[in-house]
Amino acid sequence: MKFISEAADKRIPCYRVLSDDGYPIAGSRFEQVDKETAVKMYKSMVTLQIMDNIFYEAQRQGRISFYLTSTGEEAINIATAAALTSDDVILPQYREPGILLWRGFTLQEFANQCFGNSADYGKGKQMPIHYGSNKHNFFTISSPIATQLPQAAGVAYSLKMDKKEACVVAFTGDGGTSEGDFHAGLNFAAVMDAPVLFICRNNGWAISTPISEQFRSDGVVVKGQAYGIRSIRVDGNDALAVYNTIRAAREMVIHEQKPVLVEALSYRVGHHSTSDDSTKYRPVDEIEHWKTARNPLARFRKWVHKNGWWTDDEESELRGSIRKQLLNAIQVAEKMEKPVLAEMFSDVYDDLPSNLHEQEKSLRETIKRHRQDYPTDVPV
């Protein structure tokens, strides 16, 4: 009689390429990234950072109702996007706008969604940051945690049936692994040999719940083996390591037609959202350490700069240009009309049922009686 130990003698290692100083770590095996790709990656990371800062401030000014940043996790966003193809289908959680940014979603399109205006593809029916784009193979974000994981297994199985040369990439945070849908999604994908790449952003916190209160296992990477899924742990603040990991994982998923789990270790530098104050449950000096000493942008910039591909003048010019573009996008989005009233009842039923007809009629009558209380920028 022999029981399996509750923990291995050694932790699963974490794949890294760059040191915190931006130098390749001796002995690290990685595929070199060309100048064009590297510079685009860095520019996209900077753009994402500035976009987060400006939209966050817009929420604090009362111009949008909600916002959520990717601060500290920019490398996971952009390096993953760079390693995929546009045919790969993304099922995001909510901290992956960098994927859309890389694929060509414009700053104006981000602003339109956050302001819920008439140019918003969701027609104002979603909270800010719940982006979606059929054109960019990016499923619309939904608030419930981990629901996208079993859905991803199903989408991936459909790609398998159609013999597509593409995979599904599904994101979740460490908090999502505490949901039953994490089990359902991974087990379904494993049993059905669905070509889906699961990426867990282990940033240490599920809102205010630390990972020490979520699981006793060695992080998330060890969970894959229990489902019969190949897995790897990567430094999520190392853009080169993430890029190489995702490229290799994608090849496995597509050519072997099996799922893979990637655990990307990082740290959520920002608050969970604009509804949260993380200084109430974690030390300020801890946040500051990750914001400065372990900053993914700073590390990748050092490497790009050492290669002679980036200068301080280019940095200053880029940041000034992106800031101007974002401020202009916000002004345009803010002045645009909201979706017409009828859109509140559209896009669910092919033929609107009688109860919704009655609700729309009742709403219009209420507006007519209390016109002074109704927003003037919403066409009736």
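Criteria and cut-off values
- Residues numbered from 1 in each chain as written.
- Predicted model: local features only at pLDDT ≥ 70, side-chain atom pairs only at ≥ 80, totals over all residues.
- Heavy atoms only, no water.
- UniProt positions renumbered as here; feature names shortened; annotations may be inferred.
- Salt bridge = Lys/Arg side-chain N within 4 Å of Asp/Glu carboxyl O.
- Helix = DSSP H or I, 4+ residues; strand = E, 2+ residues; numbered from the N terminus.
- Buried < 20%, exposed > 50% of the residue type's maximum accessible area, 1.4 Å probe, protein only.
- Core = buried A, V, L, I, M, F, W, Y, C linked by side-chain atoms within 4.5 Å.
- Contact = heavy atoms within 4.5 Å.
- Expected span 1.5 Å × (residues − 1).
- Polar contact = N/O pair within 3.5 Å; in protein donor to acceptor, adjacent residues only side chain to side chain.
- Pairing = 2+ DSSP bridges.
- Axes fitted to C-alpha atoms, helices over the stretch in contact; angles between N-to-C directions.
- Phe/Tyr/Trp six-rings, centres within 6.5 Å; stacked < 30°, edge-to-face > 60°.
- Lys NZ or Arg CZ within 6 Å of the ring centre and 35° of its normal.
- Parallel < 35°, antiparallel > 145°, perpendicular 65-115°, else oblique.
- Left-handed = near helix turned anticlockwise from the far one by under 90°.
- Nonpolar A, V, L, I, M, F, W, Y, C, P; charged D, E, K, R; others polar.

With an unreviewed UniProt entry as reference, the protein chain is termed 3-methyl-2-oxobutanoate dehydrogenase (2-methylpropanoyl-transferring), source organism Olea europaea subsp. europaea. In its Subcellular location (unreviewed entry) section, the UniProt record describing the protein chain reads: "Mitochondrion matrix". Annotation of the protein chain in UniProt includes, under Subunit (unreviewed entry), the sentence "Heterotetramer of alpha and beta chains."

Peer 1: Looking at this structure, how should I read the pattern of salt bridges?
Peer 2: Two side chains of opposite charge can pair, provided their charged atoms sit close to one another. Tallied over the full model, the rule gives 24 salt bridges. For R250, the salt bridge goes to D88, with nearest N and O atoms at 2.6 Å. With R250 in helix α8 (residues 239-256) and D88 in the loop between α2 (74-83) and β1 (89-91), this pair connects stretches of sequence that are 162 residues apart. Taken individually, R250 and D88 each receive the classification buried, so the pair is uniform in this respect.

Peer 1: Honestly, the nonpolar core in this entry has me stumped. Any pointers?
Peer 2: Side chains of nonpolar character tend, in soluble globular proteins, to be buried together. With 74 residues, the main nonpolar core has M41, Y67, F110, Y131, L197, F300 and W303 as its most contacted residues. Looking at this core element by element, the count peaks at 13 residues for helix α1 (residues 35-60). Residue contacts for M41: discarding those within four places in its chain leaves V33, I78, A79, A82, W102, A239, Y243 and F300. Counting residues in hydrophobic clusters, the runner-up holds 24 residues, among them A153, V155, L159 and A170.

Peer 1: Just checking my understanding: could you explain helix α5 (residues 148-161) for this structure?
Peer 2: The terminal C-alpha atoms of α5, which comprises 14 residues, lie 20 Å apart, in line with the 20 Å expected from a rise of 1.5 Å per residue. Restricting attention to buried positions, one finds in α5 the residues Q148, L149, A152, A153, V155, A156 and L159. Looking at the buried residues of α5, the elements they touch are β1, β2 (168-173), α6 (180-191) and β3 (196-202). Following α5 by one or two positions, K163 has its phi on the positive side, about 55 degrees.

Peer 1: Quick question: what am I supposed to make of the side chain of N203 here?
Peer 2: Note that N203 resides in the loop between β3 and β4 (205-206). A relative accessible area of 2% places N203 in the buried class. In terms of polar contacts, N203 uses its side chain to reach the side chain of E73, at 3.0 Å. Apart from the residues lying within four places of it in its own chain, the contact partners of N203 are E73, R95, D174, S266, Y267 and R268.

Peer 1: Would you explain the environment of I287 in this entry?
Peer 2: Looking at where I287 falls in the secondary structure, it is placed in helix α9 (residues 284-292). Residue I287 is classed as buried on the basis of its relative accessible area, which comes to 11%. A sequence separation of 19 residues divides I287 from R268, and the C-alpha atoms of the two residues are 8.3 Å apart. Here I287 is in contact with Y267, V269, S278, T279 and R282, once residues within four sequence places are set aside.

Peer 1: Hey, could you run me through the sheet that holds β1 in this one?
Peer 2: Each strand in a sheet pairs with another by means of backbone hydrogen bonds, the pair being arranged parallel or else antiparallel. Read across the sheet, 5 strands follow the order β1-β2-β3-β7-β6 without closing on themselves; strand pairing throughout is parallel. For this open sheet the edge positions go to β1 and β6 (230-235), each flanked by a neighbour on one side alone. Ignoring which end each strand starts from, the neighbouring axes of this sheet average 20 degrees apart. Here 6 bridges tie β6 to strand β7 (residues 260-265), and the two strands are oriented parallel to one another. Opposite D235, over in β7, you have L265 as the bridge partner.

Peer 1: Teacher, can you tell me more about the packing of aromatic side chains here?
Peer 2: Each aromatic ring pair is summarised here by two numbers: the centre-to-centre distance and the angle between the ring planes. Applying the stated criterion across every chain yields a total of 11 aromatic pairs. When the centroid spacing of 5.6 Å and the interplanar angle of 45 degrees are considered together, the rings of F55 and Y67 count as tilted. With a gap of 12 residues between them, F55 in helix α1 and Y67 in the loop between α1 and α2 connect regions that are remote in the sequence. For the ring pair F110 and Y131, a centre distance of 4.8 Å and an interplane angle of 85 degrees mean the geometry is edge-to-face. Of the two residues, F110 sits in helix α4 (residues 107-115) while Y131 sits in the loop between α4 and α5, which places them 21 residues apart along the sequence. A relative accessible area of 2% means that Y131 is categorised as buried. Feature note: the residues F105, F110, Y121 and Y131 constitute an aromatic cluster, connected by ring pairs. Note that K306 overlies the ring of Y23, its terminal NZ or CZ placed 4.1 Å from the centroid.

Peer 1: Please explain the environment of S231 as it appears in this structure.
Peer 2: Mapped onto the secondary structure, S231 falls in strand β6. The exposure class assigned to S231 is partly exposed, which follows from its relative accessible area of 26%. As for S231 and F198, which are separated by 33 residues in sequence, their C-alpha atoms are 9.3 Å apart. Contacts of S231, omitting those with residues within four sequence positions, involve V221, G224, Q225 and L261.

Peer 1: Can you walk me through the packing of α1 against helix α11 (residues 312-335) in this structure?
Peer 2: Think of two packed helices as two axes; the pair is described by the angle between the axes and how far apart they sit. Close contact between α1 and α11 brings their axes to 10 Å; oriented N to C, the two are set at 40 degrees. Viewed along their axes, α1 and α11 adopt a mutual orientation that is oblique. Between α1 and α11 lies a crossing whose hand is right-handed. Here Y42, K43, V46, T47, Q49, I50, M51, I54, F55 and A58 of α1 lie close against α11, whose contacting residues are E315, L318, R319, I322, R323, L326, L327 and I330. Its residues assigned to classes, the contact of α1 with α11 shows 12 nonpolar, 2 polar and 4 charged.

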